[in-house]
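Structure at a glance
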Amino acid sequence: VQLQASGGGLVQAGGALRLSCKASGLTFSNWNMGWFRQAPGKEREFVAAIGWNVGSTYADSVKGRFTISRDNAKNTVYLQMNSLKLEDTAVYYCATDRPYGHGLKQTVGAYNYWGQGTQVTVSS
């Protein structure tokens, strides 16, 4: 399983970015997908997850601003980030756990495969 994240960059506070994560080496439509982030000096934290069959979940800090979606035909999961804040600055990682996973996990340890990360920097 390989995950390739992209779409990060420098954006002003209040702006928007869309991250993409292309997956290979798996039957993508059968896997839950998640986004995490890690700011300097902090632990990696959950951002959002989307199920292989239905449903999504978000961290409280991004609810109402971020939207996770997936395109199974393109083996890609997206994270649309709107109304960005300074505290959203971090390296963003996509991850996946296992096929037909039950429930949307929010812990780092629940995910078995990780992408390389893409930097998001929000400036004032």
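What you see is a predicted model; the values in this text were computed from it and never measured. (Residues numbered from 1 in each chain as written. Predicted model: local features only at pLDDT ≥ 70, side-chain atom pairs only at ≥ 80, totals over all residues. Heavy atoms only, no water.)

Overview of the nonpolar core
- Of all hydrophobic cores here, the largest spans 35 residues; its most connected members are Trp35, Leu79, Met81 and Tyr92.
- At the level of secondary structure, the elements contributing two or more residues to this core comprise strand E1 (2-6), strand E3 (17-24), strand E4 (31-38), strand E5 (45-50), strand E7 (66-71), strand E8 (76-81), strand E9 (90-99) and strand E11 (118-123).
- Counting residues per element, this core draws most heavily on E5, which supplies five residues.
- Here Leu79 is in contact with Leu17, Arg18, Leu19, Trp35, Val47, Ala48, Phe66, Thr67, Ile68 and Tyr92, once residues within four sequence places are set aside. (Core = buried A, V, L, I, M, F, W, Y, C linked by side-chain atoms within 4.5 Å. Buried < 20%, exposed > 50% of the residue type's maximum accessible area, 1.4 Å probe, protein only. Helix = DSSP H or I, 4+ residues; strand = E, 2+ residues; numbered from the N terminus. Contact = heavy atoms within 4.5 Å.)

Quick word on the environment of Gln106
- When you line up the elements, Gln106 lands in the loop between E9 and strand E10 (113-114).
- Separated by 60 residues in the primary sequence, Gln106 and Phe46 have C-alpha atoms spaced 5.5 Å apart.
- When near neighbours in sequence (up to four residues on either side) are disregarded, Gln106 contacts Phe36, Phe46 and Thr57.
- A polar atom in the side chain of Gln106 sits 3.2 Å from the side chain of Thr57. (Polar contact = N/O pair within 3.5 Å; in protein donor to acceptor, adjacent residues only side chain to side chain.)

Thoughts on the pairing of E5
- Taken across its six residues, E5 has five buried, putting it largely inside the fold.
- The pairing of E4 with E5 spans five bridges and is antiparallel. Residue Arg37 lies in a different strand from E5, and its bridge partner there is Glu45.
- Hairpin geometry of E4 and E5 is characterised by an intervening segment of six residues between the two adjacent antiparallel strands and by a positive phi of about 75° at Gly41.
- Sheet topology note: the E5/strand E6 (residues 56-58) ladder contains three bridges and is antiparallel. Bridged to Ala48 within E6 is Tyr58.
- The turn linking E5 back onto E6 is made up of five residues, and Gly55 within it adopts a positive phi angle of 95°. (Pairing = 2+ DSSP bridges.)

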